[in-house]
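# Residue-level structure breakdown
What follows is the residue order along each chain.
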Amino acid sequence: MLLIILLIYLSIRELQLFLPGVLGAITLYILSRASYFQLVYNRKWKKGRAAFLFIVYYLLLLGIPVFAAITLISPKVSDVLSDPTAVINSIKQAVLQVQGRLGITIVTEKSLSNSLDQTITFIPSLLNSTLNLLSNLITMLFFLYYLLYHGKEVEMTLFKIIPLKDANTAILASETKKMVKANAIGIPLISIIQGLVATLGYFIFGVKEFPLWGFFTGVFAFFPVVGTMVVWVPLVIYMYVSGETWNATGLLLYSLIVTGNIDYIARITIMRKMGNVHPVITVLGVLIGLGLFGFIGLIFGPLLVSYIIVLFRIYMNEFTTPLDEKKPDESAVVNKEPVS
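This paragraph deals with the overall build of the protein chain. Secondary structure summary: the protein chain contains 13 helices and zero strands in total. Moving toward the C terminus, one meets the helices and strands of the protein chain in the order α-α-α-α-α-α-α-α-α-α-α-α-α. Going through the 340 residues of the protein chain one by one, you find that 33% of them count as buried. Nonlocal contacts in the protein chain, meaning residues at least 24 apart in sequence, comprise 71% of its contacts between residues at least 6 apart. Accessible surface, the protein chain as shown: approximately 21,500 Å² in total, 70% of it carbon and sulfur.

Take the nonpolar core next. By size, the foremost hydrophobic cluster in this structure holds 28 residues, and its most contacted members are Tyr-29, Tyr-36, Phe-54, Tyr-58, Leu-144 and Leu-148. At the level of elements, helix H2 (19-42), helix H3 (47-82), helix H5 (109-149), helix H7 (166-204) and helix H12 (297-319) are the ones that each hand at least two residues to this core. Here Tyr-58 is in contact with Leu-28, Leu-31, Ser-32, Gly-63, Leu-141 and Leu-144, once residues within four sequence places are set aside. Counting residues in each nonpolar core, the second largest holds 13 residues, with Ala-198, Tyr-202, Trp-232 and Tyr-254 among its members.

Quick look at the environment of Ile-314 now. With respect to the secondary-structure elements, Ile-314 resides in helix H12. In the structure, Ile-314 is positioned 145 residues away from Thr-169 in sequence and 8.7 Å away in space, judged by C-alpha atoms. Residues contacting Ile-314, with those up to four places away along its chain left out, are Leu-164, Asn-168, Ile-171 and Leu-172.

Notably, Lys-44 is not glycine yet its phi reads approximately 60°, a positive angle. Inspection of the secondary structure puts Lys-44 in the loop between H2 and H3. Judged by its relative accessible area of 65%, Lys-44 is exposed.

Tracing the sequence through the fold places Thr-259 in helix H10 (residues 245-274). Residues within four places of Thr-259 in sequence aside, it is in contact with Gln-194, Val-197, Ala-198, Thr-228 and Tyr-254.

What follows is about the side chain of Ser-32. Position of Ser-32 among the secondary structure elements: in helix H2. Apart from residues lying up to four places away in sequence, Ser-32 is in contact with Phe-54, Tyr-58 and Leu-148.

Moving on to the packing of aromatic side chains. By the definition in use, this model includes 12 aromatic pairs. Between Phe-142 and Phe-143, the ring centres sit 5.9 Å apart and the planes meet at 85°, which makes this aromatic pair edge-to-face. Members of the aromatic cluster, connected to one another through ring pairs, are Phe-142, Phe-143, Tyr-145, Tyr-146 and Tyr-149. The cationic tip of Lys-47 hangs over the ring face of Tyr-149; the distance from NZ or CZ to the ring centre is 5.8 Å. It is Arg-49 that lies over the ring of Trp-45; its NZ or CZ is 4.4 Å from the centre.

Let's shift gears to the confidence of the model for the protein chain. Predicted coordinates in regions of low pLDDT should not be interpreted in detail. Here the protein chain averages 75 in pLDDT, and 71% of its residues register 70 or above. Note on residues 330-340: pLDDT under 50 across the span, and zero contacts to partners over four residues away in sequence or across chains.

This part covers the packing of H2 against H7. In the contact formed by H2 and H7, the axes pass within 10 Å of each other and the chain directions differ by 110°. The angle between H2 and H7 places the two elements in the roughly perpendicular class. Contacts between H2 and H7 involve Thr-27, Ile-30 and Leu-31 from the former and Thr-176, Lys-177, Val-180, Lys-181, Ala-184 and Ile-185 from the latter. Counted by class, the contact of H2 with H7 contains five nonpolar, two polar and two charged residues.

A grouping of Met-1, Leu-2, Ile-4, Ile-5, Ile-8 and Ile-12 is seen on the molecular surface, where their side chains present a nonpolar patch of about 690 Å² in accessible area. Relative to the helices and strands, Ile-5 resides in helix H1 (residues 2-14).

Moving on, we come to the pattern of salt bridges. One pass over the structure, following the stated rule, counts three salt bridges. Here Glu-14 and Arg-13 are joined by a salt bridge, their closest N and O atoms 3.4 Å apart. Looking at Arg-13, the relative accessible area reads 43%, which means it is partly exposed. Two residues, Glu-155 and Arg-33, come together in a salt bridge whose shortest N-O distance is 2.7 Å. Of the two residues, Glu-155 is situated in helix H6 (residues 151-161) and Arg-33 in helix H2; the sequence distance between them amounts to 122 residues.

This brings us to the packing of helix H8 (residues 210-220) against helix H9 (residues 229-241). A pair of packed helices is characterised by two quantities: the angle between their axes and the separation of those axes. Contact pair H8 / H9: the axes reach a minimum separation of 8 Å and the direction vectors enclose 140°. The orientation of H8 with respect to H9, classified from their angle, is oblique. Within the contact between the two elements, H8 uses Trp-213, Phe-216, Thr-217 and Phe-220 and H9 uses Val-230, Val-231 and Leu-235. Split by residue class, the contact of H8 with H9 holds six nonpolar, one polar and no charged.

Rules of the game
- Residues numbered from 1 in each chain as written.
- Predicted model: local features only at pLDDT ≥ 70, side-chain atom pairs only at ≥ 80, totals over all residues.
- Heavy atoms only, no water.
- Helix = DSSP H or I, 4+ residues; strand = E, 2+ residues; numbered from the N terminus.
- Buried < 20%, exposed > 50% of the residue type's maximum accessible area, 1.4 Å probe, protein only.
- Contact = heavy atoms within 4.5 Å.
- Areas by Shrake-Rupley, 256 points an atom, 1.4 Å probe, with all protein chains shown as cover.
- Core = buried A, V, L, I, M, F, W, Y, C linked by side-chain atoms within 4.5 Å.
- Phe/Tyr/Trp six-rings, centres within 6.5 Å; stacked < 30°, edge-to-face > 60°.
- Lys NZ or Arg CZ within 6 Å of the ring centre and 35° of its normal.
- pLDDT = per-residue confidence, 0-100.
- Axes fitted to C-alpha atoms, helices over the stretch in contact; angles between N-to-C directions.
- Parallel < 35°, antiparallel > 145°, perpendicular 65-115°, else oblique.
- Nonpolar A, V, L, I, M, F, W, Y, C, P; charged D, E, K, R; others polar.
- Patch = residues over 30% accessible without salt bridge, like charges linked within 9 Å, V, L, I, M, F, W, Y side chains within 5 Å.
- Salt bridge = Lys/Arg side-chain N within 4 Å of Asp/Glu carboxyl O.

In structure tokens form, the structure reads like this:
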């Protein structure tokens, strides 16, 4: 057993770079298994044909947003890499201009220069993480194909080797399915909705390069309540300082009333229908996920935190005595005569 554990540890350690892809494949399998089994066992499709259909579907579904993100961000990265000094100076002048108009000093020129220099040096690692994301997408689709193809056998094997009661194993499977739907579908869907709504507001009120800012708003929308403010608050301040008073006021009201309330409305409708995930779990999960898995951790981080809670509940159900069970009469035990 120790040898098996050692080999598993070494394998996971060496495949750590591709771990997000494996987790993604498991997530997509859980989302797809019911439809896949419907095609194979009810409509009598061949396993390979049905699995390949899902691969093509997810390739289009995931490839389009990844391509859009690269298309939006890559020109800016190219500009920075071609002439980093000019970009640093323009950003520095904009920040100093805002502070001069407001009459406050939030950051000194020296610290601002240091921060911008560190940001420029961070760009190569950002490009490297983009390549890792693409490699993990390929890994995810590769593993997904074989998970679907051998799905029944994998599930039966897991059901046998999981060291829990059958009832708790069923609870684990049910809760996993519910959490995966809430985190892998609900949270990204809410972020996409907020990103699109914010993009519309940026377009209406004349924000330059509104698709790029809308994309960033959607990414930061993974953080509930305050996430989108990271993007639109600096935009509003900059527009006020630049003399675009009416557009700045309109964007401020639009962001507070429309973009902000979309988050609340979406969470009480979409998330409660798929599986109510508390905002605290989402925030902690995003912070943990980014550190463990990178960008794809925006989805798997909340799933990990939710899974800890589910496993704790199963542990309590498996190894502790329910509170409503009747305890033995202590007085009877104390007064009972010992057996000679």
